[in-house]
There are 2 protein chains.
Amino acid sequence: MRYSIGDVAEEMNLPASTLRFYDRKGLLPFVDRDSAGRRSFKDNDLNFLQVIECMKKCGMTITEIRHFIDLCMQGDVTLMDRYELLEKEAATVKEQIQTLQDQLDFLHYKMWYFKTSVEAETEDIHMVPSGDGRRVAPDIHEQYREALEKCHDLSELIEIERDERKQANG
Amino acid sequence: MRYSIGDVAEEMNLPASTLRFYDRKGLLPFVDRDSAGRRSFKDNDLNFLQVIECMKKCGMTITEIRHFIDLCMQGDVTLMDRYELLEKEAATVKEQIQTLQDQLDFLHYKMWYFKTSVEAETEDIHMVPSGDGRRVAPDIHEQYREALEKCHDLSELIEIERDERKQANG
DNA sequence: CCTTGACTTGAACCATGGTTTAACTAGTAG
DNA sequence: CTACTAGTTAAACCATGGTTCAAGTCAAGG
């Protein structure tokens, strides 16, 4: 049950160069070497790599991940530290999800804005005069919120059907 | 209703240097200049900045955002393109949310793993022999899934109470 | 013996997204 | 007039997260 860097790279769907880079950065202190100096991964090392992948996807930096790995290497005395680190990370991931959800809501508003503009064949319908120029109506978010309350399904508000698109493009 | 770069920086909670950087990158082609060459932002420019901020938070690159801005500058003929760009972006944001949710689930599993280890005062309880060394039990995810099914509330499984922590640390 | 393929290293290179610096200009308060 | 503040630019600088390259080692197969 020993794996070469190539095996692991394939298994984890990562370039081998990235695994070497992580090793250099101290993320893989547990990896053994064979008599020729080649990295020899154990089964359990793959578990570590899964954790590293998770942390990467959570947006943690290499330095932060390394801190966690260092704690792991110190054994049972750091169990609580590791728990608390993950607890904090879980909280920031929840925040990230909330932020993305907020951005998604904004994108939906903008899709409504463009859907209605496409239907009117001009963005003018949302514009009002402002000083010398023009601007989007200041109450546009209000308008959207009202439309949102009245409709039963978000998709009614924001989706342009395929046949409508042909008309709009034609 | 004209704003200096400093006004806008404060309003948007961004360094002025970032606004200048965006301008250089072509993200702010709509910003006017006064007689002394200083940037003079209009009310509507702030709407653009909100869109830019949203796109940044969605993980779009400056090049991608610039493409959208370029479409905006071309007027009503690009309304459908802009709609479709946002539609695609909304889809990728949904994927990002799903990915983060998956990572959060993994973090919860790991919190359970460490909570139980803390209670046992050693990670050994999850270890089995493997070749010459040891590894986390291969069915650990099964074990977690079962525990998850049996319990009524995720927090029962993963949360360590404050008073428990004192015991564990003492 | 020789080639081939997979590995090793350190160093250089790259893209992204800014930030900082130096030198300058314009408007305002004293 | 002086000093100060807020703006301007181009160019240099920075951190992050890799990727690529050059030069070399090793084991296996023909």
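Thresholds applied
Residues numbered from 1 in each chain as written. Chains lettered and ligands numbered in written order. Predicted model: local features only at pLDDT ≥ 70, side-chain atom pairs only at ≥ 80, totals over all residues. Heavy atoms only, no water. Near = heavy atom within 4 Å. Polar contact = N/O pair within 3.5 Å; in protein donor to acceptor, adjacent residues only side chain to side chain. Helix = DSSP H or I, 4+ residues; strand = E, 2+ residues; numbered from the N terminus. Nonpolar A, V, L, I, M, F, W, Y, C, P; charged D, E, K, R; others polar. UniProt positions renumbered as here; feature names shortened; annotations may be inferred. Contact = heavy atoms within 4.5 Å. Buried area = accessible area lost by both parts, 1.4 Å probe. Salt bridge = Lys/Arg side-chain N within 4 Å of Asp/Glu carboxyl O. Buried < 20%, exposed > 50% of the residue type's maximum accessible area, 1.4 Å probe, protein only. Disulfide = S-S within 2.5 Å.

**Here we look at the protein's contact with DNA strand C**
- Around DNA strand C, the structure places 19 residues, and the nearest of them are Ser4, Gly6, Arg20 and Arg39 of chain A together with Thr18 of chain B.
- Take Gly6 of chain A: an N or O atom from its main chain is 3.0 Å from a phosphate oxygen of DNA strand C.
- Between DNA strand C and Ile62 of chain B there is a distance of 3.4 Å, counted from a phosphate oxygen to a backbone nitrogen or oxygen.
- Among the elements of the structure, α1 (5–12) of chain A together with α2 (16–24) of chain B are those that each provide at least two residues to the surface near DNA strand C.
- Counting residues per element, the surface near DNA strand C draws most heavily on α2 of chain B, at five residues.
- Class assignment for the residues of the surface near DNA strand C results in six nonpolar, six polar and seven charged.

**Quick look at the UniProt feature "domain: HTH merR-type" (unreviewed entry) in chain A**
- When the UniProt feature table is mapped onto this chain numbering, "domain: HTH merR-type" (unreviewed entry) sits at residues 1–71 of chain A.
- Annotated as residues 1–71 of chain A, this span is 59% helix and 6% strand, and its ends, taken at the C-alpha atoms, are 25 Å apart.

**As for the interface of chain B and chain A**
- Each partner contributes residues to the interface: chain B has 54 residues there, and chain A has 54 residues.
- Of the roughly 4800 Å² buried between chain B and chain A on both sides combined, carbon and sulfur atoms contribute 68%.
- On the chain B side of the contact with chain A, Met80, Tyr83 and Leu100 of chain B bury the most area, a combined 14% of that side's loss.
- There are ten salt bridges connecting chain B and chain A.
- The salt bridge involving Glu84 of chain B is made with Arg165 of chain A; its shortest N-O contact spans 3.1 Å.
- For the side of chain B that touches chain A, the secondary structure elements donating two or more residues are α3 (43–57), α5 (79–120), β4 (133–136) and α8 (162–169) of chain B.
- For the side of chain B that touches chain A, the element with the highest residue contribution is α5 of chain B, accounting for 27 residues.
- For the side of chain B that touches chain A, the per-class residue count stands at 22 nonpolar, 13 polar and 19 charged.

**Section: the pattern of salt bridges**
- Using the criterion set out here, one finds 34 salt bridges over all chains in the structure.
- Taking the shortest distance from any N to any O, the salt bridge between Arg2 of chain A and Asp132 of chain B comes out at 3.4 Å. Pair noted here: Arg2 of chain A is in the segment before α1 and Asp132 of chain B is in the loop between β3 (127–130) and β4, and the two residues belong to different chains.
- On the accessibility criterion, Arg2 of chain A (36% relative accessible area) is partly exposed.

**Things to note about the protein's contact with DNA strand D**
- What surrounds DNA strand D is a group of 19 residues, the closest being Thr18 of chain A together with Ser4, Gly6, Arg20 and Arg39 of chain B.
- Counting only atoms of DNA strand D within 4 Å of the protein, the fraction found in sugar and phosphate groups is 83%.
- Ile62 of chain A places a main-chain nitrogen or oxygen 3.4 Å from a phosphate oxygen of DNA strand D.
- Arg39 of chain B has a polar side-chain atom sitting 2.6 Å from a phosphate oxygen of DNA strand D.
- Only α2 (16–24) of chain A together with α1 (5–12) of chain B provide two or more residues apiece to the surface near DNA strand D.
- It is α2 of chain A that contributes the most residues to the surface near DNA strand D, five residues altogether.
- When its residues are assigned to classes, the surface near DNA strand D shows six nonpolar, six polar and seven charged.

**With respect to the state of the cysteines**
- Under the defined criterion, the tally for this structure stands at zero disulfides over all chains.
- In this model Cys58 of chain B remains outside any disulfide bridge; the closest cysteine sulfur is found in Cys54 of chain B, 4.1 Å from its own.
- Unpaired in terms of disulfides, Cys151 of chain B finds its nearest cysteine sulfur in Cys54 of chain A, a separation of 20 Å.
- The class for Cys151 of chain B is buried, based on a relative accessible area of 16%.

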